[in-house]
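Now for the letters of each chain:
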Amino acid sequence: DCRYTCHQQCRSLVQLDCRRPDPGQLSPEGTLVLPCSQNVTKAVEEKPEPPTVEEIKEKIEKYNAKVTNCLLMKLGDDGTYTGFIKVHLKLRRPVTVPAGIRPQSIYDALKEVNLADTTDRRTSFYLPLDAIKQLHISSTTTVSEVIQGLLKKFMVVDNPQKFALFKEMRKDGQVLLQKLPLTEYPLYLRLLAGPDTDVLSFVLKENETGEVEWDAFSIPELQNFLMILDKEEKDKIQQVKRKYEKFKQRLQQTLKEAGGKPG
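- Per an unreviewed UniProt entry, the chain goes by the name Ras association domain-containing protein 5 and belongs to Penelope pileata.
- Recorded in UniProt for the chain, the comment headed Subcellular location (unreviewed entry) runs: "Cytoplasm, Cytoskeleton".

So this is what it looks like as structure tokens:
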């Protein structure tokens, strides 16, 4: 007599090894297994239908009409489309790159040459905070592929699982960040939001999955962490000192202007 609750269409799929009450002694909970309303059932089962080619074409035309630069979206004959997204790099930890390797040239990019494979030497590098990288991608490009493409452009040899792509939205003066699943399509999100990056932008950050596994980092990486934390600590101390120095100056100026007058 556990008095479980389920949808009407699920009753035949549930098997319980327990005592059933007499039909005449059904509890109020037992009556909840009666058929649900059609509206509720539809709300549970309905899934958004993928947009048709005509709908995509219409959305692209509206998108391109708002573009103020040359970064237009283009629809292909097969129904896929290409366009541009900008990704803000907000990485607070150093990344691992090959040591002594020149930057990737256009020739290397076209030939898909992976310069990181040409040497086993590694070093840690601290990317500038909030650097912006523009990517030309397809509607079939997933979040996982965007992350891997960014790491390749910067010759980062760290595991892509250390990073995550977020969508940043501004609403009512607040900035909202939401982590995107690896199977999401960033260009489709860009198409729906329009070209205005104040409405939607993409951010690459560290993948915070819980406690940091320090054993996974090399000694140079850990040393860089200490250097960065030491610098941040000193900067914070200087900020606090400057804040209270200005407060002290304003207080002294106010006392001087008062000239010892009461009140």
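### Quick notes on the confidence of the model for the chain
So, step 1. Chain-level statistics for the chain give a pLDDT mean of 78 and a share of 72% at 70 or above.
So, step 2. In this model residues 23–45 is a low-confidence stretch, pLDDT under 50, and it forms 18 contacts with partners more than four residues away in sequence or in other chains.
So, step 3. This stretch, residues 105–110, has a pLDDT under 50; its non-local contacts, to residues over four places away or in other chains, come to 4 contacts.

### A few points about the packing of aromatic side chains
So, step 1. Scanning the model with the defined rule gives 0 aromatic pairs in all.
So, step 2. A cation sits over an aromatic face here: Lys205 above Phe166, 5.7 Å from the ring centre.

### Concerning the UniProt feature "coiled-coil region" (unreviewed entry) in the chain
So, step 1. Taking the numbering used here, the UniProt-annotated feature "coiled-coil region" (unreviewed entry) corresponds to residues 230–257.
So, step 2. End C-alpha to end C-alpha, residues 230–257 measures 41 Å, and it is 100% helix and 0% strand.

### Things to note about the environment of Leu129
So, step 1. Note that Leu129 resides in the loop between β4 (122–125) and β5 (131–138).
So, step 2. Through-space distance from the C-alpha of Leu129 to that of Arg93 is 9.9 Å; in sequence the pair is 36 residues apart.

### Description of a nonpolar patch on the surface
So, step 1. A surface patch of nonpolar side chains, amounting to about 510 Å² of accessible area, comprises Val240, Tyr244, Phe247, Leu251 and Leu255.
So, step 2. By secondary structure assignment, the location of Leu251 is in helix α6 (residues 219–258).

### Comments concerning the pairing of strand β2 (residues 81–89)
So, step 1. Here 2 bridges tie strand β1 (residues 74–75) to β2, and the two strands are oriented antiparallel to one another. Its bridge partner lying in β2, Lys74 is registered against Thr82.
So, step 2. Across 8 bridges, β2 lies against β5 in antiparallel orientation. Each bridged residue has a counterpart across the sheet, and for Leu89 the counterpart in β5 is Ala131.
So, step 3. Bridge count between β2 and strand β8 (residues 200–206): 3 bridges; the pairing is parallel. If you follow His88 over to β8, its bridge partner there is Val203.

The rules behind the values
Residues numbered from 1 in each chain as written. Predicted model: local features only at pLDDT ≥ 70, side-chain atom pairs only at ≥ 80, totals over all residues. Heavy atoms only, no water. UniProt positions renumbered as here; feature names shortened; annotations may be inferred. pLDDT = per-residue confidence, 0-100. Contact = heavy atoms within 4.5 Å. Phe/Tyr/Trp six-rings, centres within 6.5 Å; stacked < 30°, edge-to-face > 60°. Lys NZ or Arg CZ within 6 Å of the ring centre and 35° of its normal. Helix = DSSP H or I, 4+ residues; strand = E, 2+ residues; numbered from the N terminus. Patch = residues over 30% accessible without salt bridge, like charges linked within 9 Å, V, L, I, M, F, W, Y side chains within 5 Å. Areas by Shrake-Rupley, 256 points an atom, 1.4 Å probe, with all protein chains shown as cover. Salt bridge = Lys/Arg side-chain N within 4 Å of Asp/Glu carboxyl O. Pairing = 2+ DSSP bridges.

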